[in-house]
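Topology and contacts: notes
Here is what each chain is made of, one letter per residue.
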Amino acid sequence: MQLHWHRRDLRGSDNRALTAASEAAEADSDGSVVALFVFDPGVLKHAGSPRVSYLLESLAELRQWYRERGGELLVRRGDPEIVVPEMAEAIKADRVVWNRDYSGLARKRDARVRTALNDIGISRASFHDAICHEPGSITTNQGEPYSVFTYFGRKWHDRHKDAPYPAPDADVLADAERLAVEAGDLPTLAELGFDEPEADLLAAGTEASRRRLEAFCEDGVYRYDDDRDYPTRKSTSRLSADLKYGTVGIREVYWKTESAREDATEAEVEQIEEFQSQLAWREFYTHVLWFTPEVVSENYKEYENEIGWEQDEDLLEAWKDGRTGYPIVDAGMRQLRTEGFMHNRVRMIVASFLTKDLLIDWREGYDWFRKKLVDHDTANDNGGWQWAASTGTDAQPYFRIFNPMTQGERYDPNAEYIKKYVEELAETDPEVIHNWHEASLTQRRNAAPEYPDPIVDHSKRREKALAMFEAARGE
Ligand SMILES: Cc1cc2nc3c(=O)[nH]c(=O)nc-3n(C[C@H](O)[C@H](O)[C@H](O)COP(=O)(O)OP(=O)(O)OC[C@H]3O[C@@H](n4cnc5c(N)ncnc54)[C@H](O)[C@@H]3O)c2cc1C
């Protein structure tokens, strides 16, 4: 009997460890595979309700997927170090398999599970699955991990990529009855200690992920590079939560976009490759996390002196609530609350605003995103924040500070995105919106009486941010 422990791979096909388990079961005359998911309090304590909600919906679909094929997904709650060996013993497993996770927390947990399985003499195997190229497989010529993306990205594009792994045959799946263990109920959000998310989320699970991939490969992928920075153009894939939870396999995504090349013009091929470069960024940040797990709480880049971040609860709360008086920032922060998602360009703008206008530590922003984003992914979220804060690998130079007004004007010229999320500005002229910081108090009151005045003066804060970084650099 093979026990497949699902974690961030909530799907039946293109799942490397599951395929390995089913191959091993097929090779054994009496072999079969059963699946397990464990709600780990150690992981849940870092989660927010949008993510847990996405997780539960995906698990319900996955359980259905197994049951339709005569198999079962067992569900338990507790510390995996105890639960996984217990379940392995209860079902008399010959081997436990799983796909690797890359954060420091997950690796420590997995090491404990490995030891616990060793102690009871049950073998186990883990596989690289969530990314196309595992950490250590793309390095400098000296064998060092890359700290800048460009060369990493080139090598990533040039490397052979595996085809999607096949789903297990139904006849190899074991149902819970045969195992003489309870399948276990899927808990509710409330039972796990979470409120219903205030955000209206996209549908979760493999079917929904595939629909998104399909739709993207018919349209957005062909104009991806031209349109990806404009939040209203809907040219991005919206696959981030799917990739985070593995409701779709990375090889399936990659090869689907490769097949879009067949109908593409030369110019469109470049758009497809730009999309694939984002998949490479995802892998780059995963490698960074693997080799430097401490980045979750520490700056990747060393400065001579501590960066003099300021603590100001009122400014932080205004940023979280989308009440900064900078329309593009507020629209992004409100999209986060209402959808559990934010467009990439706007993530960059709000992260720059927090760190370089409000001078607040990137860790505050990272914590808020971790709670509110449905797609929070330790590697990508951390990479994004440290990039914006100029503390990361291959980060934005400290002196390049986004101007939130010109960013808004450039990427949302008609203020459609802003108006969608900031209802106080729904009737306001885009020109007034993009010049909100320069308008007089009377003009602002006349144009949109409910919308806040700017909480800081961008030009002054920019100077302060430069001084803060120069002091950190010892200048
Ligand atoms: C401050 C900040 C925080 C972020 N936090 C997260 C996060 O928690 N989870 C997350 O998946 N992405 C994060 N990103 C990256 C990016 O914003 C999202 O991946 C993207 O907006 C998701 O939308 P999409 O699926 O339509 O992306 P697409 O543009 O369609 O990209 C496809 C996939 O590539 C990956 N990707 C895209 N851009 C990046 C990037 N810059 N870095 C790494 N991977 C990328 C994602 O998996 C994404 O789903 C963050 C960026 C910033 C600036």
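Residues numbered from 1 in each chain as written. Predicted model: local features only at pLDDT ≥ 70, side-chain atom pairs only at ≥ 80, totals over all residues. Heavy atoms only, no water.

1. Section: the domain arrangement of the protein chain
Here the protein chain is described as being made up of domain 1 (2-130), domain 2 (206-291) and domain 3 (313-472). For domain 1 versus domain 3, the distance between C-alpha centres works out to 39 Å. Domain 1 puts 8 residues into the contact, and the matching count from domain 3 is 8 residues. Contact between domain 1 and domain 3 buries roughly 590 Å² in total, counting both sides, with carbon and sulfur atoms accounting for 54%. It is His46, Pro50 and Arg51 in domain 1 that bury the most area against domain 3; as a group they hold 67% of the surface buried on that side. Along the contact surface separating domain 1 from domain 3 lie 1 salt bridge. With a closest N to O distance of 3.0 Å, Arg8 and Asp377 form a salt bridge. Where domain 1 packs against domain 3, one counts 2 residue pairs in polar contact (both at pLDDT 80 or more). (Domains from an automatic or database assignment. Contact = heavy atoms within 4.5 Å. Buried area = accessible area lost by both parts, 1.4 Å probe. Salt bridge = Lys/Arg side-chain N within 4 Å of Asp/Glu carboxyl O. Polar contact = N/O pair within 3.5 Å; in protein donor to acceptor, adjacent residues only side chain to side chain.)

2. Observations concerning the environment of Arg63
Its location among the elements puts Arg63 in helix α3 (residues 49-68). Between the C-alpha atom of Arg63 and that of Leu36, which follows or precedes it by 27 residues, the distance is 9.8 Å. Those residues in contact with Arg63 that lie beyond four places of it in its chain are Glu72, Leu73, Leu74, Val75, Ala183, Gly184, Asp185 and Leu186. (Helix = DSSP H or I, 4+ residues; strand = E, 2+ residues; numbered from the N terminus.)

3. A short note on the pairing of strand β1 (residues 2-6)
Summarising burial for β1: 5 of the 5 residues are buried, a large majority. Residues Gln2, His4 and His6 line one face of β1 and the alternating positions Leu3 and Trp5 line the opposite face, and both faces are buried. As paired strands, β1 and strand β2 (residues 33-39) are joined by 5 bridges and run parallel to one another. Directly across from Leu3, in β2, lies its bridge partner Val34. Note: β1 against strand β4 (residues 95-99), 3 bridges, orientation parallel. By the bridge assignment, Gln2 is partnered in β4 with Arg95. (Buried < 20%, exposed > 50% of the residue type's maximum accessible area, 1.4 Å probe, protein only. Pairing = 2+ DSSP bridges.)

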